Amino acid sequence: MTMASGDKDTIRFLIIDSSTREAESFLNVFRESGYSTRANQINSLEDLTDATSGQQHWDLLLMAEPPEPLSHSQIFDYINQKDVDLPGIVLVNPDDDETDPLSLMKMGARAVIPLGHDEYLLTVALKELGDLKVRRHHRRMSVALHESEKQRQLLLDDQVDAVVYVNHGRIQFANSAFINLLGLPEEDSLDGKLFKDLIITKDQQDVEEFLMGIEESGQALAVIQCPLVAHNGSEVPASAVISPTSFNGEFTLSLQIKLSKEEGEQEGVDKTLEESAPDNETGLFDRKLFDQELDIAIQRAVEGKAKSTLCYLHLETLKATHEQHGKEISQKLFQAVAKKITSHLDAKHHVSSMGGANFATLLREGEEQDIKVLVESLLAAVTAEDIVIDQHELPVKLSIGAVILSDTVSDAETLTVQSRQATVLAQKKGGNQLCFYQKRKVSSVRSVEKQLAGMVSQAIKNKKFRLSYQPVISLAGSPAEYYEVSFVMTDAEGKDHEASEFRPKLEKVSLWNKLDRWQLIEASKALMAKRKEGSDTRLLMHVGGFSATDDTFVPWMKVALKAAGIPTDAVAIELSEQNLARYSDVIPDFFSSLKEMGCQTVVSEFGCSLNPLEGIAHLDIDLVKIDQSFTEGLSSGENTKELQKMIQALSQSGRKVIVPGIETAEEMTPVWQFGADFIQGSYMQPPSENMDFDFGADG
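Residues numbered from 1 in each chain as written. Predicted model: local features only at pLDDT ≥ 70, side-chain atom pairs only at ≥ 80, totals over all residues. Heavy atoms only, no water.

**Quick look at the sheet that holds strand β2 (residues 37-41)**
Spatially, the five strands line up as an open sheet ordered β2-β1-β3-β4-β5, and their pairing is parallel. Of all strands in the sheet, those bounded by a partner on one side alone are β2 and β5 (111-114). For this sheet the average axis-to-axis angle between neighbouring strands, irrespective of direction, equals 25°. As defined by bridge partners, strand β4 (residues 88-92) adjoins β5 across four bridges and the pair is classed as parallel. Counted as the bridge partner of Ile89 is Ala111 from β5. Packing of helix α3 (residues 72-82) onto the sheet brings it into contact with β1 (11-16), β3 (60-63) and β4, and relative to β3 it is tilted by some 170°. (Pairing = 2+ DSSP bridges. Helix = DSSP H or I, 4+ residues; strand = E, 2+ residues; numbered from the N terminus. Axes fitted to C-alpha atoms, helices over the stretch in contact; angles between N-to-C directions. Contact = heavy atoms within 4.5 Å.)

**Quick look at the environment of Ile566**
Checked against the element boundaries, Ile566 lands in the loop between α18 (553-564) and β24 (571-576). Sequence spacing of Ile566 and Leu527 is 39 residues, and the spatial spacing of their C-alpha atoms is 7.9 Å. Setting aside anything within four residues of it in sequence, one finds Ile566 in contact with Ser524, Leu527, Met528, Leu561 and Val571.

**Regarding the pairing of β24**
Among the six residues of β24, six are classified as buried, and the element is accordingly described as predominantly covered. Residues of β24 alternate between two faces, with Val571, Ile573 and Leu575 on one and Ala572, Glu574 and Ser576 on the opposite face, all of them buried. Here strand β23 (residues 537-542) runs beside β24; their pairing, made up of four bridges, is parallel. Bridge assignment links Leu540 to a residue of β24, and that residue is Ala572. Inspection of the sheet shows β24 paired to strand β25 (residues 600-606) by five bridges, in the parallel sense. Opposite Glu574, over in β25, you have Val602 as the bridge partner. (Buried < 20%, exposed > 50% of the residue type's maximum accessible area, 1.4 Å probe, protein only.)

**What to know about helix α20 (residues 587-597)**
Residues Ile587, Phe590, Phe591, Leu594 and Met597 constitute the buried set of α20. For α20, the angular spread of the buried residues around the axis is 120°, confining them to a single face. The exposed set on the far side of α20, more than 90 degrees from its buried face, consists of Asp589 and Glu596. (Arc of directions from axis to C-beta.)

**So, the sheet that holds strand β15 (residues 358-363)**
Where strands meet in a sheet, backbone hydrogen bonds hold them as pairs that are either parallel or antiparallel. Reading across the sheet, the five strands line up as β14-β15-β13-β18-β19 and stay open at both edges, with mixed pairing between neighbours. Strand pairing shows two members of the sheet lacking a second neighbour, β14 (350-355) and β19 (433-436), which therefore form its edges. Ignoring strand direction, the axes of neighbouring strands in this sheet form an average angle of 25°. Relative to strand β18 (residues 398-405), strand β13 (residues 308-315) is paired through eight bridges, and the arrangement is antiparallel. Counterpart to Ser308 in the pairing with β18 is Leu405. Each of β13, β14, β15 and β18 touches helix α9 (residues 287-302); the most contacted strand, β14, lies at about 120° to it.

**Quick look at the packing of helix α11 (residues 327-344) against helix α12 (residues 368-383)**
For any two helices packed against each other, one specifies the crossing angle of their axes together with the interaxial distance. Two elements in contact, α11 and α12, have axes separated by 10 Å at closest approach and are oriented at 140°. By the criterion of interaxial angle, the relationship of α11 to α12 is oblique. Crossing of α11 against α12: the hand is right-handed. For the pair α11 and α12, the contacting residues are Val337, Lys340, Ile341 and His344 in the first and Ser377, Leu378, Ala381 and Val382 in the second. For the contact of α11 with α12, the residue count by class is five nonpolar, two polar and one charged. (Parallel < 35°, antiparallel > 145°, perpendicular 65-115°, else oblique. Left-handed = near helix turned anticlockwise from the far one by under 90°. Nonpolar A, V, L, I, M, F, W, Y, C, P; charged D, E, K, R; others polar.)

**Structural notes on a negative patch on the surface**
The grouping of Asp95, Asp96, Asp97 and Glu98 at the surface amounts to a negative patch. By secondary structure assignment, the location of Asp97 is in the loop between β4 and α4 (101-107). According to the relative accessible area criterion, Asp97 is exposed, its value standing at 75%. (Patch = residues over 30% accessible without salt bridge, like charges linked within 9 Å, V, L, I, M, F, W, Y side chains within 5 Å. Areas by Shrake-Rupley, 256 points an atom, 1.4 Å probe, with all protein chains shown as cover. Salt bridge = Lys/Arg side-chain N within 4 Å of Asp/Glu carboxyl O. Lys, Arg positive; Asp, Glu negative; His and termini not counted. Charge placed at Lys NZ, Arg CZ, Asp CG, Glu CD.)

Structure below.
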């Protein structure tokens, strides 16, 4: 099962609901799934106007019960009139028979969801956010493409060589060098004219058919003789080096016109063709040319012109051959297999080495059944018999993964990764077979929680947890040496998972309470050993929301610390911000009881609620750890103002501020300037199984 990646985007919400507590519960749906959030609660049309003005960008509008005098129609009318790209989701009471979902959809709602259906809300919202991301990317790329085309036209006009772009036989663009070559007035335009009309009569049909064939096949490079007719009727002997490109967002052929009579021109053409030809010995194409072919195939697939398939081939027996017979024999095996592959495939199916024991081939087929037939034939031809090299009989075993290029394909890197994943699947199934890439099914929220709970229970039973410590370093020279303690779980497959990856989904249940108690006992042992060395070491320990509701937790903790011989002021108990709203009835008493015992109190993942500062105003909190999303992109100048504002507001409220996620010296500088009290991150030290950071050296 895939755990949270930890690199999810921050989602920015506008929330329209008369209940702040209800609005916070909406945010928790996303935070439990690993997303950082920013939110603004809207209570009037003026609030909405302010929120959508200036440079502020919002990702999603969540609307439940609009406070009077606001109405659904007012809100959607405003968004539609201002042409704000802000997908809106309306949440309605399932018992409300008066609200008509269809009328809300007609107003502009993207979806109407019953309140309390959190999984439904999350699923719809993430789809809307995905669509929004695509629209934003399209707008950015459209602007970039327009600017790129302008720059390219300027460069083409300055180019010495004559260049003409042709699409479906018609000229899309001709630079001034081409205009001059034909002896036309410079102000003349050839745009929209048939290219064949510029060719001498006897060669018109041949040139036209050749160009259409290149356009149809998507061939990367070709050369043709194409004698032109000048403006005065004389013949201009010329050849064209044809390569694919795009112009005004469409697949186009670029023709670089070279005069045949010029000395050295034919040699240049021959060299160009030679460089684009496959290797004589193996039939493999140069990797650069293969990548170019793949880019062309992607472009054609997106435009719906032709489907292709990227196959990734892994020669499984190469490693054993290398280990048994050495590098020279294994290299010969690789070359022999390459020759077999390229000999069996038609020349239109380009094959390239991908390094190691891997090949890639771009098949000019786009239907699954046709690909299966072609690849099964290839496997039979390549693997049926052992290959004899220097009297060694060497077996051949290929695992092949395939991904079909469709009009939804994005980029070559993604395709390569997907084809590799399919190859791994073919290996797991025994090799010598083909597997197609399949998207992983997304598990429902409940099934994910159930799987996680089972995994954690198994890990508890098998004692597959271990603690980790990361220093929290004072920028003000505090004598105390702080570490944040966490734990790592090893699953049945041997993979490690940080507690922060799965805590948000499980900390509401009693299972997590067991982990909180285990963590405190084990960390106390390590802390006691460390303090005996004479240092004032203190631990920040994150506990789940369930422990805050457990009346026995604090009394038990007091006894446990006393038994371990640890002073209570050496422990700071950390609770995430989302739990402040979730358990708002019990959190004040929980923090008060911790303070009475002598422990420090910490709120982590701070700044993602509707009104962060208001949310902690009435709570007895010593330290506030800002959410890591505030430091993402800090070295490039992103989030700088947002982080500065947050640090200064917290400092003014009397709280000490911890800024996590510091990965570089460039990120540390502004944090120090903004007045943060503590920093934490891999730049100083990543989480370690030992408390061994040299605080003296840092100071």
